[in-house]
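The lines below spell out each chain.
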Amino acid sequence: MRPRPNNRVNLESLMSNESEANSSLCSSRSPSPEAHLVDDIPENVQPLQVKEEETVKVCLRLRPHLKCSTSRQPFKIQDNVLLARNFDDLSTERQFTFSQIYGDSETQAMVYENCIRQSITGERGATFLTYGTSGSGKTYTLYGNNGNPGIIPRAIEQIFMENEPAINQHPALKIEKTGICFLDDDSIYRELKKIDNMKRNLQSNDANNTKMKSIIRKEHSFQPKNNSNVHVFIWVSFVEIYNENVYDLLAQDSIFGKRRAMKILSNEGNAYVKDLTSVFARNSEDAYHILQFGLQSASYGSTDVNRNSSRSHSIFTLTAVSYCLDSQQILYSAYKFCDLAGSERLKKTGTVGDRLKEAQKINTSLMVLGRCLETVHKNQKTKKLADLVPVRDSKLTMLIQSALLGKEKLTMIVNLYPTEEFYEENLNVLNFSSIAKQIVLQKKPTQRTDRATRYSFFLAQATSSPLSRLDSQRLIVENESLRQELDHQAQQINVYREQLAEKDLEIQLLKRDLFQQELQLRNELVDDFETYSAQREVNFKTRLEQACKAAIVPFKFQISQLEEKNERLKALVADMECDEEQNEAKLEEYEKKLKKCEERLEEYERCKRKRRLSL
């Protein structure tokens, strides 16, 4: 009882004559449903020659330093080769080849032009990693500052400038669970409110964004594309992986410190974060605000090596959804920018407590990333059964598995702090990058070549006898009849496919007509609403004037009454003034009489005193 072979066998090819069987070992066929599938690659087939553009692009950037003297430099650059040698232990010189090496005098604009710009243009999707030790300049390369913008601000400006004529100001299309989702009016209103709420809660200066934008446009010449029949919708998301938990940096609760760990799910092999916040960006300024809002909630800490060290892996994603009006086709491109936390040695960083736990999680996730790259490289160079790439062992590798598995273009920028103090850490980084540099990007599935297996060898021995030849002739006749039947069925399938293509074309035409009708209906509704609003405005103005006139009438009556009362009071005041003058005249007369009486009284008193004296 032999074990049943796991591979499907093409009996027709095995029952051919020996010369054809031998020649088939050295020839390769195009894949077909009848061709037998094998797991091993033949030993006599030479590996394909890999071009430079088919491998992972790995660039090296050196951080400026002053600690190393000119006579003892552990790292030297020769073209695109880095020479590494440790002078303390007199080790042999090691060479590491990169796609491009940028010295400590290279600008941010040069790094972007040579390493990133081509990957943004015309790609279905791409992933960009910054990797290196703690304090080597990864975050600066990715984000930069207001005077020297990094990779992300330049990529934002490139995407918006190249798609400027086609950028849509209303978020009608969105990516939900790696699928296209059409939004209704209420959803569009909620999406537009997100960016407005972020701007209110953002502690930033618009002048800095304007300055950064002018610097980018001055250093790069991004030209708009001719996309007259295309609408483009730009969406932004931002997550961080802290202690092997995924957190949404754009959630409104993140500004209050209330964060919850999120789940990573998969849809047809594409990983996504459940309930992740995606914010619609109408222009590059909105994208800058979203980036700054997310950075406010990112996790940073201080170590002995770096006072402002990233304590988490962050992934900033720009998704461009394009909708073609002519073909009714919807495509999207996702660009992921990963700021990997730096690998650390505990004896140099001096981490304890929470910092120690963070460092352990960071080193573990980076180790899993290295294992994934090693497995991919091993699978590409080995002739045996491919090993399973351990992308599910870490949250970081789960989110970037499309790039690790060759579905997206992968670009890695290795940052190095070239000093003797961190020679061992830098050597580990260089070994890691050398593995990534050798990985081949297979955009299309490779063609398998046919080879004989041990089961076909037994079958060839069995078919060499005379009786087996008769059976083989009968089988050949049966196979010929089956092939004719398959050809007939293939013709019917072609007919069905043509009918299906006609139906698809009809459906597309109907969809286009439906879209035009919906657009016309929306325009008519808008026109009717504008007319209704104008009529309502005229009616309200008329009612307002009538209400104003009706409100003035009682006040006019009151004013007339008050004026009459005022006239009466004026007459009364005039009469009182006349009486006052008469009373004043009488008072003067009374005062004169009183004065005369007083004089008489005084004279009487003098006479009385004289009489007393005379007595």
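Given the structure is predicted, the values throughout are model-derived calculations rather than measurements.

Colleague: It is not clear to me how the environment of Glu106 should be interpreted in this structure. Could you clarify?
Modeller: Locating Glu106 in the fold gives a position in the loop between β5 (100-102) and α3 (108-115). Accessibility expressed as a relative area gives 26% for Glu106, which makes it partly exposed. In this structure, the C-alpha to C-alpha distance between Glu106 and Pro64, residues 42 residues apart in sequence, is 9.9 Å.

Colleague: Got a minute to help me understand the packing of aromatic side chains in this structure?
Modeller: Working definition: an aromatic ring pair is given by the centre-to-centre distance plus the angle between the planes. One pass over the structure, following the stated rule, counts seven aromatic pairs. Considering the side-chain rings of Tyr112 and Phe222, the 6.4 Å spacing of their centres and the 80° angle between planes classify their relative orientation as edge-to-face. Of this pair, Tyr112 sits in helix α3 while Phe222 sits in the loop between α8 (206-219) and β9 (230-242); the two residues are 110 residues apart in sequence, bridging distant segments of the chain. Judged by its relative accessible area of 3%, Phe222 is buried. For Arg63, the ring lying beneath its charged end belongs to Tyr417, and the centroid distance is 4.6 Å.

Colleague: Got a minute to help me understand helix α6 (residues 151-162) in this structure?
Modeller: Each α-helix turn comprises 3.6 residues. Residues three or four places apart therefore point the same way. The end-to-end C-alpha separation of α6 is 16 Å, in line with the 16 Å expected for 12 residues at 1.5 Å each. Among the 12 residues that make up α6, 12 are buried, leaving the element largely enclosed by the rest of the structure.

Colleague: What is the right way to read the sheet that holds strand β2 (residues 75-78) from this model?
Modeller: Backbone hydrogen bonds are what pair the strands of a sheet, in a parallel or an antiparallel way. If you trace the three strands from one edge of the open sheet to the other, you get β2-β3-β4, paired in antiparallel fashion. In the strand order of this sheet, the two ends are held by β2 and β4 (94-97), each with one partner. On average, each strand axis in the sheet is inclined to that of its neighbour by 25°, with strand direction left out of account. Bridge analysis of β2 against strand β3 (residues 81-84) gives four bridges, and the strand direction is antiparallel. The residue bridging Gln78 from the neighbouring strand is Val81, located in β3.

Definitions and limits used
- Each chain has its residues counted from 1, running along the sequence as written.
- With pLDDT at 70 or above as the cut-off, local features in this predicted model cover only qualifying residues; side-chain atom pairs require 80 or more to be listed or tallied, and sums for whole chains, interfaces and linings still use all residues.
- Here the side-chain values reflect all heavy atoms present in the structure, with hydrogen atoms and water set aside.
- Helical segments are the DSSP runs of H or I of at least four residues, strand segments are the runs of E of at least two, and each set is numbered from the N terminus.
- Each residue's exposure class comes from its accessible area (1.4 Å probe, protein chains only) as a fraction of the maximum for that residue type: buried when under 20%, exposed when over 50%, partly exposed otherwise.
- In summary, the pairing rule links any two rings of Phe, Tyr or Trp, Trp by its six-membered ring, whose centres are within 6.5 Å, and it sorts them by plane angle into stacked for under 30 degrees, edge-to-face for over 60 and tilted for everything else.
- Two conditions define a charge sitting above a ring: the NZ of Lys or the CZ of Arg must be within 6 Å of the ring centre, and it must be within 35 degrees of the ring normal.
- One less than the residue count of a helix, multiplied by 1.5 Å, gives the span that helix is expected to have.
- When DSSP finds two or more bridges between two strands, those strands count as paired.
- Angles shown run from 0 to 180 degrees and are taken between the N-to-C directions of axes, each axis being a line fitted to C-alpha atoms and, for helices, limited to the stretch in contact.

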